[in-house]
Every structure is written in structure tokens, then in C-alpha cells.
Amino acid sequence: MVEIIDGKAAAAAVVEKVTAASAELATAGITPGLAVVLVGEDPASQVYVASKSKRAKECGFHSVQHSLPADTSQEELLALVESLNSDPAIHGILVQLPLPDHIDSGRIIQTVAPEKDVDGFHFINVGKLGTGEIGTAFVPCTPTGAMLLLEGVRGKDLSGLNAVVVGRSNIVGKPMANLLLAANATVTIAHSRTKDLPGLARTADILVAAVGRPGMINGDWVKPGATVIDVGINRIPAPEKGEGKTRLVGDVAFAEAEKVAGAITPVPGGVGPMTIAMLMANTLISAYRAAGKEPPAL
Ligand code: GUN
């Protein structure tokens, strides 16, 4: 029987631990602070940012949201990031991506203080992850959440297992590959230029899909018994629900893949809820580090 991995339950368990640890910090007079910055009116980003701010409040955090107009200049955004860098009440800074085209995203990301970079996008944090210094790094939220789900199925040590990550983005594919490697998996990163992608995918005991193409990974790409982690969140038309309606699907053709996989994450309700939970975890960790305290295991 295939195991449908319950990301909602796993995320709720993380949030519960974060909330308890946050209450514990409060007894020492410390409140974890998260600042989320949104530039422009992208509807999907607005929904994500509102959920992040709301969840931060639920965890007992000091939660600040900066919503700036689409024509905000790069200088104005840099000035805001710098003021958050020097604000002792803020432990985590997240600038929602994508930013408008006139802003150099790389410049903004590298301006966030590495010790407040709860997204894990700063070169210092990318470098720490790449060299195995995970204990002092911030690791991007989506791959960290995906690893936690994988751990629930396969345990912490992936020795002897082949992992194939489809997708090479800086936000998911590359950090995911590094985390799998740190857990002793044998890792291949595949992408649009890979030869015989289906054949390669069929070698995977752990198959991670992070490409952003609805249903691209068919059931016959999946090795029998494999653990399939679907990171894709794609909105597609759903005329069966009514005119103009949409629904969310992953990068994996779920109905086919669940017949072959040993365990699989659904979309929605798989990796998605873990992203925000791990953002809360990273913010909590940052507050512990700032206080010179050892962060709890989550
Ligand atoms: N846009 C989509 N995913 C993310 C993320 O994990 N962090 C930020 N900052 N923006 C995103």
C-alpha cells in the first residue's frame, strides 16, 4: 500500500514545537521577530506573504509585514532591508520573490544580513550548506521541509539510496541535492537538458520533482516502491469545478505515480505547508542564536 505523506500534519507538528519554544524564550524576555517584505501586487505572492505573517503571529512572534508599491525603487528597498538588518527586534527577514524587473534581486538578497537570512539565500548560507556547515547555516525552507517529510519515511540516514532531483533552481533543486548528499544519499540533479530523463528517474529510490511543470513526471518514470517528493505547486484551469475555476497540481501525475510509489506527497497538502512551518523554525533558530542560546531540535 502506498503511503500518502501528510504534509499538513507534519507542518502542524513543527509549528506546535516552534510555538512552545517561542513561549519558552518569552520567559527570558525574548520574542522572535519576522519581517516579511512584499513589493508589488502579484496575487500569489500576496497570498503567501499574508499566510507567513499570520502564522508568525500564531507562533507568538513579533510579525511585521512591509507591503510596498510595484514602483518602489531599488534604493528604497535596500534602505528598508538595511534598517531591518539593524533592528534588534527582528531576527528573520524575508523578501518575497519574484521582485519587479527593475530591481536587482541578487543585490537585495545579498544585502540581507546572513544571520537574519531565514530564506537561506545569502552566499554565506549557500556556502555553509555546500560545505556541510548546516548547524550554523540557514537552509532554504522548502527543501528543509521536504527533507523532514522524507525523514519520516526513510529515516535520517539515506546511505545506499539513489536520489534524483529533477530541477536545478537555487531555491529548491540545488539546496535539496546538498541536503540529500549530507544525509549520505547518492545524488543526481536532472534538468531540461538531461538525456533520457524518464530512464534516470526510474533509477531513483528517492525522486524529488521541482520543475514547475504540471504533471510532467508520469507514473512510468517512478521506480516501484520509490519515495516521491513533489515540490511543484502549479495552478491549472479546472472547468469541471465551474467556469474560470482553477486547482493546484504538482509536477508529478499523482494518480499514476501513487500506483507505483512506496510513498508520495500529495499537492496540495504535501511539501507546501512545510515551507511556512520551516520559515517559522528558521526564525525561532535565529532568535535563539541571537540570544546566545542553543536552538531546540525541531
Ligand atoms: N517565492 C517563492 N518561494 C519563495 C521563498 O521560499 N522565499 C522567498 N523569499 N520568495 C519565494
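Residues numbered from 1 in each chain as written. Predicted model: local features only at pLDDT ≥ 70, side-chain atom pairs only at ≥ 80, totals over all residues. Heavy atoms only, no water.

A. Structural context of the environment of Val14. For Val14, the position within the fold is in helix α1 (residues 7-26). The buried category is assigned to Val14, whose relative accessible area is 5%. In this structure, the C-alpha to C-alpha distance between Val14 and Met280, residues 266 residues apart in sequence, is 8.6 Å. (Helix = DSSP H or I, 4+ residues; strand = E, 2+ residues; numbered from the N terminus. Buried < 20%, exposed > 50% of the residue type's maximum accessible area, 1.4 Å probe, protein only.)

B. View of empty space enclosed by the protein. Tallied over the entire structure, the rule returns one cavity of 30 Å³ or more. Size it by volume and the largest cavity reaches roughly 80 Å³. Around the largest cavity, the lining residues are Ile93, Leu94, Val95, Leu97, Ile108, Ile109, Val112, Asp117, Asp119 and Phe121. Only β4 (92-95) and α4 (105-111) provide two or more residues apiece to the lining of the largest cavity. The greatest single-element share of the lining of the largest cavity, amounting to three residues, is contributed by β4. (1 Å grid on protein atoms, 1.4 Å probe; cavity = no way out; pocket = protein on both sides within 12 Å on 5 of 7 lines; lining within 4 Å. Points joined across faces, edges and corners; volume = space filled by probe spheres on them.)

C. View of the site of the ligand. In the vicinity of the ligand, the contacting residues are Leu94, Val95, Gln96, Leu97, Asp119 and Phe121. One of the side-chain N or O atoms of Asp119 is found 2.6 Å from a nitrogen atom in the ligand. Across the complex, the protein chains shield 81% of the 280 Å² of accessible surface that the ligand would expose by itself. One can see that the ligand is located within the largest pocket. When grouped by side-chain class, the residues that make up the shell around the ligand number four nonpolar, one polar and one charged. (Near = heavy atom within 4 Å. Polar contact = N/O pair within 3.5 Å; in protein donor to acceptor, adjacent residues only side chain to side chain. Areas by Shrake-Rupley, 256 points an atom, 1.4 Å probe, with all protein chains shown as cover. Sits in = over half its atoms within 2 Å of the grid points. Nonpolar A, V, L, I, M, F, W, Y, C, P; charged D, E, K, R; others polar.)

D. Layout of the sheet that holds strand β2 (residues 33-39). Taking strand neighbours across the sheet as the criterion, the three strands line up as β3-β2-β4 in an open arrangement whose pairing is parallel. Whereas interior strands pair on both sides, the edge strands pair on one side only; in this sheet they are β3 (62-68) and β4. Averaged over all adjacent pairs, the angle separating strand axes in this sheet is 15 degrees, with direction ignored. Strand direction decides the pairing type here: β2 and β4, joined by four bridges, are parallel. (Pairing = 2+ DSSP bridges. Axes fitted to C-alpha atoms, helices over the stretch in contact; angles between N-to-C directions.)

E. How the structure looks around helix α3 (residues 74-85). For α3, with twelve residues, the first-to-last C-alpha span of 16 Å sits near the 16 Å given by 1.5 Å per residue. Along α3, the residues classified as buried are Gln74, Leu77, Leu78, Leu80, Val81, Leu84 and Asn85. Buried positions in α3, seen along its axis, are confined to an arc of 160 degrees and lie on one side of it. Each element contacted by the buried residues of α3 is listed here: β2, β3, β4 and α4. (Expected span 1.5 Å × (residues − 1). Arc of directions from axis to C-beta. Contact = heavy atoms within 4.5 Å.)

Nothing here speaks to function; it is geometry throughout.
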